[in-house]
Amino acid sequence: MTELKTIFITGAAGGMGSSTAKLFKEKGWFIGCYDINKGNLENLEKELGNNNIIYGQLDVTDKGQFEECLNSFSLKTKNKLDILFNNAGITEGGFFEEIPYQNHINIININIIGVINGIYSASKLLKNTPNSLCISTSSSSGIMGMEMIATYSATKHAVKGLTESLSAEFSRFDTRVSDILPGVIDTPMISNEIKSNLPKDGIWRLISSSEIANTVWESYHSNKIHWYVPRELEALEKQVAESPEKTMEKLKKSGPLSSDS
Ligand SMILES: NC(=O)c1ccc[n+]([C@@H]2O[C@H](COP(=O)([O-])OP(=O)(O)OC[C@H]3O[C@@H](n4cnc5c(N)ncnc54)[C@H](O)[C@@H]3O)[C@@H](O)[C@H]2O)c1
């Protein structure tokens, strides 16, 4: 049974999740690494070892499985959970009507139902832990609807809305609720083709996943709700509020997934 601070990470075997697990290991936390991808979890285990880290296969769309994973985690942590990091997600690019219908549903199931499953199942542990944090990965496409990733973008707006609502509700039991809105992060989710077409600077530059890990760390020590990576993305939100038409036009020409490029 651990006395250490604790973090439960979904999508832990992926780019942002594994960077976060690495940072929190360095910081001396107890970590739960959960992912649907067994092979990648095994590779992570080889890299990080199992001193104060547990690993488990989890499909976030399955609420029963989520509860089981949280149960086995809480047996090691005296029913404490300092950070729940809802990070698992998938995407698929393409024109809306050309993406198979079932793929849209899978994106919704993983990116928003998966987050709801996590928060719902972990709420008792979060309640039981003073100053706990529930943080989820939204996206820059949660700031403004982006072409070629319409359903993905809709799920990330949903994560942002859920975060705001719950940050108000959960304050009654000392749990903070936040989200991260990343631009383009260097992980397996981003194809090499997209990576090679990105500008070297500006908001659509390619950013290391270690910046996301640092942001999770920083967010635990702050009361901010939304974390923009890079920070300049906050300005995009202001532009959208002032003129969605102009901002959309600008994104069409220079956004990371622009159909004009
Ligand atoms: N990479 C980017 O530029 C970017 C930008 C904005 C937001 N995001 C979001 O960041 C989060 C992390 O993505 P990443 O960039 O590290 O990508 P990634 O593909 O490297 O990692 C995602 C991880 O989620 C896991 N996963 C997928 N479906 C799952 C399920 N049903 N249950 C449990 N785990 C599942 C995958 O196996 C993978 O390990 C995602 O929510 C993604 O939407 C990424």
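Here goes a summary of the coordinates provided. Throughout, residues of each chain are indexed from 1 in the direction in which the sequence is written. Selection of residues for local features in this predicted model requires a pLDDT of at least 70, selection of side-chain atom pairs for listing and counting requires 80 or more, and totals for whole chains, interfaces and linings are taken over all residues. The side-chain figures draw on all heavy atoms in the structure; neither hydrogens nor water molecules are used.

### Focus: the overall build of the protein chain
Rules: Secondary structure is summarised from DSSP: a helix means a run of H or I of at least four residues, a strand means a run of E of at least two, and numbering begins at the N terminus for each. Under the scheme applied here, a residue whose accessible area is under 20% of the maximum for its type counts as buried, over 50% as exposed, and between as partly exposed, the area being computed with a 1.4 Å probe on protein chains only. Contact between two residues is taken to exist if any of their heavy atoms lie within 4.5 Å; hydrogens are not considered. Each accessible area value is a Shrake-Rupley result obtained with a 1.4 Å probe; residue values ignore everything except the protein chains displayed when judging cover.
Of regular secondary structure, the protein chain possesses nine helices and nine strands. Counting only C-alpha atoms and orienting by the principal axes, one finds that the protein chain spans roughly 55 × 40 × 35 Å. Put simply, the protein chain has 261 residues, and 50% of those count as buried. In the protein chain, the proportion of contacts linking residues at least 24 apart, taken out of those at least 6 apart, comes to 66%. With the model as given, the accessible surface of the protein chain reaches about 12,500 Å², and the carbon-plus-sulfur share is 52%.

### Quick word on the nonpolar core
Applied cut-off: Here, nonpolar core refers to any group of buried Ala, Val, Leu, Ile, Met, Phe, Trp, Tyr and Cys residues whose side-chain atoms link them within 4.5 Å.
Within the largest apolar cluster, 29 residues are counted, with the highest numbers of intra-cluster contacts made by Ile7, Ile31, Cys33 and Ile83. By size, the runner-up hydrophobic cluster in this structure holds 26 residues, among which are Phe66, Leu81, Leu84 and Leu126.

### Concerning the environment of Asp186
Under the convention used in this document: By the criterion applied in these results, polar contacts are pairs of N or O atoms within 3.5 Å in which, for protein atoms, one can donate a hydrogen and the other can accept it, and in which residues neighboring in sequence qualify only through two side-chain atoms.
Among the secondary structure elements, Asp186 is positioned in the loop between strand 7 (184-185) and helix 6 (192-197). On the basis of relative accessibility, which here comes to 38%, the residue Asp186 falls in the partly exposed class. A sequence separation of 170 residues divides Asp186 from Met16, and the C-alpha atoms of the two residues are 8.7 Å apart. Beyond its immediate sequence surroundings of up to four residues, Asp186 is in contact with Lys195, Leu206, Ile207 and Ser209. A polar side-chain atom of Asp186 sits 2.9 Å from a polar atom in the side chain of Lys195.

### Description of the layout of surface pockets
Inclusion rule: Cavities and pockets were defined on a 1 Å grid built over protein atoms only: a cavity is a set of grid points that admits a 1.4 Å probe from which the probe cannot escape, a pocket is an open set flanked by protein on both sides within 12 Å along at least five of seven lines, and lining residues are those with an atom within 4 Å of any such point. Grid points are joined across faces, edges and corners, and a volume is the space filled by probe spheres set on the points. In this classification, the charged set is Asp, Glu, Lys and Arg, the nonpolar set is Ala, Val, Leu, Ile, Met, Phe, Trp, Tyr, Cys and Pro, and all remaining amino acids, among them Gly, are polar.
In this structure, the largest pocket spans a volume of roughly 900 Å³. Taken together, 46 residues make up the lining of the largest pocket; nearest its centre are Gly89, Ile90, Tyr152, Thr187 and Met189. By residue number, the principal contributor to the lining of the largest pocket is helix 1 (residues 15-26), which donates three residues. By residue class, the composition of the lining of the largest pocket is 22 nonpolar, 20 polar and four charged.

### Describing the site of the ligand
Which entries qualify depends on this criterion: Working definition: residue near molecule or strand if any one of its non-hydrogen atoms lies within 4 Å of it. Think of it this way: a molecule belongs to a cavity or pocket when more than half its atoms come within 2 Å of the grid points there.
Near the ligand there are 29 residues, and of these Gly15, Asp35, Tyr152, Ile185 and Thr187 occur at the shortest range. Side-chain polar atom of Tyr152 to an oxygen atom of the ligand: 2.6 Å apart, as the coordinates give it. Mapping the ligand onto the cavity grids shows that it belongs to the largest pocket. Taken together, the elements giving at least two residues each to the shell around the ligand come down to helix 1, helix 5 (150-169) and strand 7.

### Things to note about the side chain of Thr187
Looking at the secondary structure, you find Thr187 in the loop between strand 7 and helix 6. Overall, the relative accessible area of 9% leaves Thr187 in the buried class. Apart from the residues lying within four places of it in its own chain, the contact partners of Thr187 are Gly15, Met16, Lys195 and Ser209.

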